[in-house]
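Single-letter residue listing:
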Amino acid sequence: MLAEIEQAIISRITNKNLGLVTARVQTEKGPVARYPALYVAIGSEKMRRTGNNLKCEPVISVILFFKNLQREEQRRAGIYPILEGIRQALFNQSLGMRIDALLPEIWRDITTDDEREEGFLIFGMEVKTGYVVHTVDDSDVAAGNDLITIGLKYYLEPDINSDGAADAEDDVTTTQ
């Protein structure tokens, strides 16, 4: 579910005509050729029992990298409309999934002094949601197998201009 949430957020930001001028949205950290750019990842997840089920509440990190070699004031004037667009694009969306509507909860300037010297402004936004994991009946072999199958995707292109598609995929099923 976590990977699906990440991908749905990326799709929402990149595929909608939201007026965002982000050059690249990714789930892997690393160098980017053009700015502004976004990094999306699940940073943590709180879990609690609700009856016989588990309520999972992930916190999604949306990190915006903005670069402008001019003054700090111009960097801020450039990054704020993008932050507002991302917030509006994600707020109250369930992304076609069985999750609680997204709630952008906080954003903050996380730029280090060295990054600021290089002309960067970096903001991190925390977005919350929730979903329920139901108890699996051990007699349901199909459901049990879902929990012990691992999907692997291989990305072989070393350059940042990769097409973003997996070059190979495997499903590995463990035995009990």
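Preceding block: the structure.
Parameters and conventions
Residues numbered from 1 in each chain as written. Predicted model: local features only at pLDDT ≥ 70, side-chain atom pairs only at ≥ 80, totals over all residues. Heavy atoms only, no water. Buried < 20%, exposed > 50% of the residue type's maximum accessible area, 1.4 Å probe, protein only. Helix = DSSP H or I, 4+ residues; strand = E, 2+ residues; numbered from the N terminus. Pairing = 2+ DSSP bridges. Patch = residues over 30% accessible without salt bridge, like charges linked within 9 Å, V, L, I, M, F, W, Y side chains within 5 Å. Areas by Shrake-Rupley, 256 points an atom, 1.4 Å probe, with all protein chains shown as cover. Salt bridge = Lys/Arg side-chain N within 4 Å of Asp/Glu carboxyl O. Lys, Arg positive; Asp, Glu negative; His and termini not counted. Charge placed at Lys NZ, Arg CZ, Asp CG, Glu CD. Contact = heavy atoms within 4.5 Å. Polar contact = N/O pair within 3.5 Å; in protein donor to acceptor, adjacent residues only side chain to side chain. Phe/Tyr/Trp six-rings, centres within 6.5 Å; stacked < 30°, edge-to-face > 60°.

S.K.: An account of the pairing of strand β5 (residues 120–128) is requested, with residue identities and associated values reported.
M.R.: In terms of residue burial, β5 counts as a mostly covered element, since seven of its nine residues are buried. In terms of strand pairing, strand β3 (residues 53–67) meets β5 through nine bridges, oriented antiparallel. Paired with Lys67 across the strands is Phe120, a residue of β5. The pairing of strand β4 (residues 103–109) with β5 spans six bridges and is classified as antiparallel. Counted as the bridge partner of Leu103 is Lys128 from β5.

S.K.: Which residues make up a negative patch on the surface, and what values go with them?
M.R.: On the surface, Asp113, Asp114, Glu117 and Glu118 cluster together to form a negatively charged patch. With respect to the helices and strands, Asp114 occurs in helix α3 (residues 113–117). Classification of Asp114 as exposed rests on a relative accessible area of 58%.

S.K.: So what's going on with the environment of Ala37? Residues and values would help.
M.R.: Residue position: Ala37 is located in strand β2 (residues 37–50). Residue Ala37 is classed as buried on the basis of its relative accessible area, which comes to 1%. Sequence separation between Ala37 and Ile63 is 26 residues; the distance between their C-alpha atoms is 8.3 Å.

S.K.: So what's going on with unusual backbone geometry? Residues and values would help.
M.R.: Of note in this structure, Asn92 is not a glycine but carries a positive phi near 65°. Following the sequence through the fold, Asn92 ends up in the loop between α2 (72–90) and β4. The phi torsion at Leu95 lies on the positive side, around 60°, for a residue other than glycine.

S.K.: So what's going on with the environment of Ser94? Which residues, and what values?
M.R.: Tracing the backbone through its elements, the reader meets Ser94 in the loop between α2 and β4. Through-space distance from the C-alpha of Ser94 to that of Ile5 is 9.4 Å; in sequence the pair is 89 residues apart. Ignoring anything within four residues of it in the chain, the contact list for Ser94 reads Ile99, Asp100 and Ala101. Of note is the side chain of Ser94, whose polar atom sits 3.5 Å from the backbone oxygen of Ile99.

S.K.: Go over a nonpolar patch on the surface with me, naming the residues and quoting the values.
M.R.: On the surface, a nonpolar cluster with roughly 240 Å² of combined accessible area is contributed by Met47, Leu54 and Val133. Mapped onto the fold, Val133 is located in strand β6 (residues 131–133).

S.K.: How would you summarise the packing of aromatic side chains if you had to cite specific residues and measurements?
M.R.: Inspection of the entire model under this criterion finds three aromatic pairs. Between the aromatic rings of Tyr80 and Trp107, the centroid separation amounts to 6.2 Å while the plane-to-plane angle is 45°, which identifies the pairing as tilted. Residue Tyr80 is located in helix α2, and its partner Trp107 is located in strand β4; the two are separated by 27 residues in the primary sequence. Ring pairs connect the aromatic residues Tyr80, Trp107 and Phe123, which therefore count as one cluster.

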